[in-house]
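Okay, here's what each chain looks like letter by letter:
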Amino acid sequence: MHNDSEYHEGTCHHIRDKGSLRPIKALDEEHLQVDAQFGGVDQRKIFTFAEKYLPKIGYRQRLHLMNPMIPGLTGGKMSSSVANSKIDILDSPQDVKSKLLHAYAEEGVRENNGVLAFTKFVLFRLIKGNFIIDRPAKFGGQLSYPSYSLLELDYMNKVLHPQDLKVAVAKYLNIILAPIREEFVSNTSIQKLVERAYPSQGHGSKMDEKPFNQPL
């Protein structure tokens, strides 16, 4: 596991032509000696370049995995430099709840809605059973969704309020992240691996130091 962002930050900031950056970024996989690269679909051109050309100059072909680009919690693109736009896998339960409660989520609107995106691409792929939203009886009582499409339909029709969805998403995310946090605290080999990948972000296993700053 390696973080290559510091290489781009230090050597490529003066290059304005994105096409010129493609060969440099493609070479990261060779110089970092990784077996696979994982990124958003915005990395497709770099991955395609690497698969097509690197084997021609004697480098072995790597595996390239991509996931959909989802909106950040602040609206617009999720960014590693904007802490509140993403959920880090070692965020405390309080941080997760705070980020969700302050997230941008316009009522009845799907576009640039990171809360809906987390629900679709993360929660409905991981939770077992129906997605439950607990609401006081005076606000309509509990809602239960066996599929994301039904939840989105209620959201678009303003049956499901953004605040109720935010509370439920925070609850489910904290349930999912709890064993990851516990494993990190108790596993020194993982801590050492993180220190190697992120040497500039401090050392130690305290959760509030958050050395592993990867979005979920």
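Computed from a predicted model, the values in this text were never measured in an experiment.

Rules behind the numbers
Residues numbered from 1 in each chain as written. Predicted model: local features only at pLDDT ≥ 70, side-chain atom pairs only at ≥ 80, totals over all residues. Heavy atoms only, no water. Helix = DSSP H or I, 4+ residues; strand = E, 2+ residues; numbered from the N terminus. Polar contact = N/O pair within 3.5 Å; in protein donor to acceptor, adjacent residues only side chain to side chain. Salt bridge = Lys/Arg side-chain N within 4 Å of Asp/Glu carboxyl O. Buried < 20%, exposed > 50% of the residue type's maximum accessible area, 1.4 Å probe, protein only. Core = buried A, V, L, I, M, F, W, Y, C linked by side-chain atoms within 4.5 Å. Contact = heavy atoms within 4.5 Å.

Caption draft 1: Seen up close, the side chain of glutamine 191. Take glutamine 191: it is sitting in helix α9 (residues 188-197). In terms of polar contacts, glutamine 191 uses its side chain to reach the backbone carbonyl oxygen of valine 185, at 3.0 Å.

Caption draft 2: Highlighting the pattern of salt bridges. Within this structure, the stated rule accounts for seven salt bridges. The shortest N-O distance in the salt bridge between aspartate 35 and arginine 60 comes to 3.0 Å. Of the two residues, aspartate 35 sits in the loop between α3 (28-31) and β1 (36-40) while arginine 60 sits in the loop between α4 (44-53) and β2 (63-67), which places them 25 residues apart along the sequence. Overall, the relative accessible area of 57% leaves aspartate 35 in the exposed class. Here lysine 86 makes a salt bridge to aspartate 88, at a shortest N to O gap of 2.7 Å.

Caption draft 3: Looking closely at the environment of valine 185. The topology assignment puts valine 185 in helix α8 (residues 162-186). Here the alpha-carbon distance between valine 185 and leucine 90, two residues 95 residues apart in the chain, equals 9.9 Å.

Caption draft 4: Just the nonpolar core, in detail. Membership of the largest hydrophobic core comes to 37 residues, with the highest contact counts inside it found for Leu100, Phe131, Ile133, Leu151, Leu165 and Leu173. Among the secondary structure elements, those contributing two or more residues to this core are α5 (93-101), α6 (114-126), β3 (131-133), β4 (143-145), α7 (148-156), α8 and α9. A per-element tally of this core places α8 first, with eight residues. Excluding anything up to four places from it in sequence, isoleucine 133 contacts Gly141, Gln142, Leu143, Tyr145, Leu151, Leu160, Asp164, Leu165 and Ala168. Ala26, Phe47, Ala50 and Leu54 belong to the second largest nonpolar core, which has five residues in total.

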